[in-house]
Amino acid sequence: MLSGKKIILGVSGSIAAYKAILLLRLLQKEGAEVKVVLTPSVSKFVGELSFSALTNGEVLSDLWEGGWSDHVALGTWADLMIVAPATANTLAKMSHGICDNALLAVYLAARCPVMVAPAMDADMYIHPRTAANLHSLAEDGVIPLPVGSGFLASGLIGPGRLLEPEEIVGEIKDHFARIAYQPLQGQSVLITAGPTREPLDPVRFITNHSSGKMGYALAAQAATLGAKVTLVSGPTQLVTPAQVERVDVSTAQEMYEAVHAVASQQQIIIMSAAVADYTPAQVAHQKIKKKGDDLSLELIRTKDILKSVGETKQAHQFLVGFAMETENGIENAQRKLEKKNLDLIVLNSLRDKGAGFGHDTNKVTLIERGGTTKELPLMSKSAVAKEIFTQILAHWKPINP
């Protein structure tokens, strides 16, 4: 798939820079022609000679060596630019258009799609400014790759690890595959994601453990397949996928209104958000003070968004719901599918390690109208999203855009 592709590999100064050498070799083995651009700090971790030896000298690390316009020529040469690892510093400079080294000059001159594979310590990755920079880059069309979680160079355990070289190559292959295969081109897809928050007072709220990762993976996959994607999202710290329009909401009522404002215009609707079933009958205007050992709250039902969409579903629309069950999962999910007029329901697992809320992986069962089931093994949520859309496309045909 990568044979003959022209790829710029940008490398910034991170302890993960050694993985860029492995990535370079894998890309070359796949048949890609690779040229490398380094930031000055890379030499603190990996020598330029290592890259130069593998690329026959096709390495740019100094704007003032060679022709002054080398960065322009390189930026117009490539089919794809991938920055891996992309440090917090480099991401910030890319986001704000700063151009003080060769990598940034090539980025600003690039006419091809650009990917970034972040790598940094957990605290740096979850910092609001890093999240804002990634969001800004995504809005500019840059494709941010996810990070891995685990042991970090600082000794902490958390998110921020550079994806393994094999995973990055997979993402690059997916990029070129979606250019060639976009069955949802011209189609509109609505996806809900994340939790809702039902306020008790100005300080407290009722919510759940949903991270939104599954919904965001679905939105990214829909965009990959060429769809115009609207993502209605509850509160989350996740980066908006490239080419996705995000509508932020907080409460179940706000999500209901946002969904129904656009639902009639969609061809595919996937309701993966964990919406609160109940909300406080009264919201205190001031913080509720302690007045004894017990506190009673009156809760009332929220509007059932999935059911309401099912009731107004049009013949050309395909509606997908999610179910989280702790017992009699298949039976309860099938009942929900029929009751809410769904075409497909995704049954989540809470009993399997690595599945459910907060994880980067999930284990689900896909249940079609008519009762056919397909149980998937534990896999990444991105892989689950691909399986869901494979199932959708097997049973629904796009209308003419």
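Residues numbered from 1 in each chain as written. Predicted model: local features only at pLDDT ≥ 70, side-chain atom pairs only at ≥ 80, totals over all residues. Heavy atoms only, no water.

Colleague: Go over helix α8 (residues 165-180), please, and point to the residues and values.
Modeller: Helix length check: α8, at 16 residues, gives a terminal C-alpha distance of 23 Å against a target of 22 Å (1.5 Å per residue), a fit within 8%. Contact partners of the buried residues in α8: β1 (6-11), α1 (18-29), β4 (80-86), β5 (114-118), β6 (143-144) and α9 (213-224). (Helix = DSSP H or I, 4+ residues; strand = E, 2+ residues; numbered from the N terminus. Expected span 1.5 Å × (residues − 1). Contact = heavy atoms within 4.5 Å.)

Colleague: Tell me about the packing of aromatic side chains, and name the residues and values.
Modeller: Counted according to the given criterion, the structure contains zero aromatic pairs. Sitting over the ring of W77, K35 keeps its end group 4.5 Å from the ring centre. Positioned above the aromatic ring of Y278 is the side chain of R301, whose terminal nitrogen or guanidinium carbon lies 5.6 Å from the ring centre. (Phe/Tyr/Trp six-rings, centres within 6.5 Å; stacked < 30°, edge-to-face > 60°. Lys NZ or Arg CZ within 6 Å of the ring centre and 35° of its normal.)

Colleague: How would you summarise helix α5 (residues 102-109) if you had to cite specific residues and measurements?
Modeller: Of all eight residues in α5, seven are buried; the element is thus mostly enclosed. A102, L103, L104, A105, V106, Y107 and A109 are the residues of α5 that are buried. Put simply, N101 is the residue that caps the front of α5, since its side-chain oxygen is 3.1 Å from the backbone nitrogen of L103. (Buried < 20%, exposed > 50% of the residue type's maximum accessible area, 1.4 Å probe, protein only. Polar contact = N/O pair within 3.5 Å; in protein donor to acceptor, adjacent residues only side chain to side chain.)

Colleague: So what's going on with the sheet that holds β4? Which residues, and what values?
Modeller: What the six strands build is an open sheet, ordered β3-β2-β1-β4-β5-β6; its pairing is parallel. The open sheet is flanked by β3 (59-60) and β6, the only strands paired with a single partner. Judged from the two bridges that link them, strand β2 (residues 33-38) and β3 form a sheet pairing that is parallel. Bridge pairing in β3 links V36 to V59. Set on the sheet, α1 makes contact with β1, β2 and β4; between it and β1 the angle comes to about 175°. Lying on the sheet, helix α3 (residues 70-77) is in contact with β1, β2 and β3; it crosses β1 at an angle near 125°. (Pairing = 2+ DSSP bridges. Axes fitted to C-alpha atoms, helices over the stretch in contact; angles between N-to-C directions.)

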